[in-house]
Amino acid sequence: MSHSAISQPTVSSKAKSLTGQAFVPGDKSISHRALIMGALAVGETTITGLLTGEDVLRTATVMQALGAKVEQRTGADGKPTFHVWGRGIGGFSEPADVLDMGNSGTSARLIAGLLSAYPFTSFMTGDASLRRRPMDRVTKPLSQTGAKFVTRAGGRLPMAVTGTPMPMALHYDSPIASAQVKSAVLLAGLHGPGLTTVTEPAASRDHTERMFRHFGVDVRTETASEGGKNGPGRYKVTVLGQPELSGRAINVPADPSSAAFLVVSALLVPGSKLFLPNVGINPLRIGLFDTLQEMGADIVYKNKREEAGEPVADLEVRASRLKGICVPAARAPSMIDEYPILAVAAACADGETRMEGLAELKVKESDRLAAMSQGLQACGVSAVAEGDSLTVCGGGPKGNAPVTIPVNLDHRIAMAFLVLGMVAERPIAVDDASAINTSFPGFADIMNGLGATIEAVNRKDLP
Ligand code: S3P
């Protein structure tokens, strides 16, 4: 599995219209979980549609380092299929080297959950972005089992993990709606006897729960009604540990978080019409599409169906006039990765858009609250970050000079500003688009195939 890290300055210029059909790469969250569950199951798991972005390849490499076999083949239709032969629950062995999670917070946190349940010591690191991100949100609950974590100051990577010799059931009331935290605890709990329970203030993406069920794990979920012990809306998931897992077939749908960049491009570039087949429409992931529809977007779900326990549809999107709205904090868990591209849509809408409850954006691949407010201002858009909110004034980018936005190893910041460049009077550049490969390999080629002009340039040619 290869990982590239050559920086790539890139410029996006005004597009005429975006039309046609595009196949968006596989869902990143589901791809990580498919590999992990395949590695924990006995026998062969076959995965089609797996995202081959760098983040997911990191998880694949780590599963191999822990003893699973992972192979890429070409299916009868010419498309890649991934085959995983797992070790069974409790079957991983000590990795011989440091585990490098690259840019991938999901790999680091989910795998920390796994490692906490094995009686050996492993070492974990990541790139400069991941080494800035907090790991104590998972080391704290996982330490309950007796697992030991040694991190840098602030709970940051590199980190050493010595797992417990006696995996056990856990109960954790998480202060944040985070699928990574929830999944780390559930994956640890899978290794011990009895029931592991996690509660969170609101349901975060439930791909782990759905994937567990797909593999036959006993999973129960419940959302507290008014008067629930820890407050209304609190979500609870319980899993029964030490299941016998056997290999399954998994078809990974296209990632709605990657489709988001095509959807917003089509909405903003006049005359556009796009068809995006097989996109995941899990209700806990499509807060952006709901929000855009409230803003006036023409997005239609066609041919709704289910694949490996996940709802899927074909999306049809037409250029639309958008109006600013207030996006409440309650929407954040279902669109946590989509605020950068929503902020771009807001910059081109009529009127003001206010987004609330964005504290988690500060600890993503970069501080996205700061990145969006500063980047939009540089493009001549009025954008103000205050506390945990972002307010963006619409009307389109007013800047009359080309700009270069610093990406700081954040794929979604890079893609968001390349989309804004499609509707700006002057080109918008990003200093390094290489991070896009973590989640959306082929982004520029797909966009250009539909009518965009996104070009790699030499650093000296950046505006
Ligand atoms: C993810 C969960 C989210 C999301 C990330 C993927 C996952 O992070 O931002 O891109 O696959 O579990 P948090 O759990 O930190 O909210």
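Throughout what follows, the structure given in this document is the object of discussion. Quantities reported herein were computed from a predicted structural model and do not represent experimental measurements. (Residues numbered from 1 in each chain as written. Predicted model: local features only at pLDDT ≥ 70, side-chain atom pairs only at ≥ 80, totals over all residues. Heavy atoms only, no water.)

Relative orientation of the contacting elements helix α1 (residues 28-40) and helix α3 (residues 105-115) amounts to 25°, with a least axis distance of 11 Å. One finds that α1 runs roughly parallel with respect to α3. For the crossing formed where α1 meets α3, the hand is right-handed. Each of K28, H32, R33, I36 and L40 in α1 lies in contact with α3, whose residues at this interface are T106, S107, L110, I111 and L114. Here the contact of α1 with α3 is composed, by residue class, of five nonpolar, three polar and two charged. (Axes fitted to C-alpha atoms, helices over the stretch in contact; angles between N-to-C directions. Helix = DSSP H or I, 4+ residues; strand = E, 2+ residues; numbered from the N terminus. Parallel < 35°, antiparallel > 145°, perpendicular 65-115°, else oblique. Left-handed = near helix turned anticlockwise from the far one by under 90°. Contact = heavy atoms within 4.5 Å. Nonpolar A, V, L, I, M, F, W, Y, C, P; charged D, E, K, R; others polar.)

With that out of the way, let us pick up the sheet that holds strand β5 (residues 80-87). Read from one edge to the other, the open sheet built from four strands follows the order β4-β5-β3-β14, with strand pairing classed as mixed. Single-partner strands in this sheet number two, and they are β4 (69-74) and β14 (249-251). Each strand axis lies, on average, 20° off the axis of its neighbour in the sheet, ignoring direction. Bridging between strand β3 (residues 42-48) and β5 involves seven bridges; their strand directions are antiparallel. Each residue of the ladder has a partner; that of I47, found in β5, is F82. (Pairing = 2+ DSSP bridges.)

Another point: the environment of E307. Structurally, E307 can be placed in strand β16 (residues 298-307). On the accessibility criterion, E307 (21% relative accessible area) is partly exposed. For E307 and D218, which are 89 residues apart along the polypeptide, the C-alpha to C-alpha distance reads 19 Å. Once residues within four sequence positions are removed from consideration, E307 is found in contact with N251, N278 and V312. (Buried < 20%, exposed > 50% of the residue type's maximum accessible area, 1.4 Å probe, protein only.)

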